[in-house]
Amino acid sequence: FSMENIFFIVLFFWFLWFFSLAPFVPTRKTDLERIAKITHLQDNQTFLEIGCGTAKVSIFMAKYYPNNTIVWIELSPFLYIFSKIKAFFSWQKNLKIIYWNALHYDFSQYDIFYIFWTPTSLKDKIIPKFKQEAKENARLLSYCFSFENSWLPEKKYKENENELSVFEYRKT
C-alpha cells in the first residue's frame, strides 16, 4: 500500500465513524437466523432496519421473509452506496433502501424495528420517536444494547455465552 492508499482508507473509515450513531461492527453472521426467528414476521408485516450499515441483516431478512416488505434506512452516503450495490446483487424484490435520516423518517407504517445503536443514542433519540410514532404493539429489537433503565425490555434473548443479546421492546 502506498501512503496515498492508506490515507484514503483511514479517511474512509473516519467518515463511516463520524456519520454514524452506532459503532461500525457488523452483526455477526451466526446471529442472522436467530434474529430472523426472534423477529417472527407475520404475512404483510413490515420490517425497518434503522441504520443498515452493510445491509447484512436486511438482505438476510428479505430472503428469510420473502412475503414481507423489508426496508432499511441509512444516513451515511458511503454505507448507502455500498448497501445499494449489495442489495442490487441480492435480487430481493421485497427489499427497499432509503437514504435518509431515521430521526426525520415516519415510523408509523412499520410493525418491527431493528436497530444497532449505542445506548445514549437509543435513549435520547429513538425511544421518544418510537413511542410517539410507532403503531400500537409495534416491536423494537435492539442488537447488543439495552435502553439503560429508561425503558425495560419486554424480553431479552440470549441463550448462551457466545451469543450477543437481543432486547425486545413493545409499544403498548
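What you are looking at is a predicted structure, and each value in this text was computed from that prediction instead of being measured.

On to the environment of K158. Considering the arrangement of structural elements, one finds K158 in the loop between β6 (155-157) and β7 (166-170). Considering only alpha carbons, one finds K158 and C144, 14 residues apart in sequence, at a separation of 9.9 Å. Among residues more than four places away in sequence, those in contact with K158 are R34, E163 and S165.

If you trace the backbone, Y110 turns up in the loop between β3 (95-99) and β4 (112-115). By relative accessible area, which is 4% here, Y110 ends up buried. For the pair Y110 and K135, spaced 25 residues apart in sequence, the C-alpha separation works out to 7.1 Å. Sequence-distant contacts of Y110, defined by excluding residues within four places in its chain, comprise T46, F47, L48, V71, Y105, K135 and A138. A polar side-chain atom of Y110 sits 3.5 Å from a polar atom in the side chain of Q109.

Moving on, we get to the sheet that holds β6. Ordered by their spatial adjacency, seven strands build an open sheet running β3-β2-β1-β4-β5-β7-β6, and the pairing between neighbours is mixed. Looking at which strands have only one partner, the edges of the open sheet turn out to be β3 and β6. Adjacent strand axes in the sheet meet at a mean angle of 20 degrees, parallel and antiparallel pairs treated alike. As defined by bridge partners, β4 adjoins strand β5 (residues 139-143) across four bridges and the pair is classed as parallel. Among the inter-strand pairings, I115 is bridged to a residue of β5, identified as S142. Against the sheet, helix α2 (residues 32-39) touches β1 (46-50), β4, β5, β6 and β7, its axis set at about 160 degrees to β5. Taken strand by strand, helix α4 (residues 77-88) contacts β2 (69-74) and β3, and its axis lies near 160 degrees from that of β3.

Thresholds applied
- Residues numbered from 1 in each chain as written.
- Predicted model: local features only at pLDDT ≥ 70, side-chain atom pairs only at ≥ 80, totals over all residues.
- Heavy atoms only, no water.
- Helix = DSSP H or I, 4+ residues; strand = E, 2+ residues; numbered from the N terminus.
- Contact = heavy atoms within 4.5 Å.
- Buried < 20%, exposed > 50% of the residue type's maximum accessible area, 1.4 Å probe, protein only.
- Polar contact = N/O pair within 3.5 Å; in protein donor to acceptor, adjacent residues only side chain to side chain.
- Pairing = 2+ DSSP bridges.
- Axes fitted to C-alpha atoms, helices over the stretch in contact; angles between N-to-C directions.

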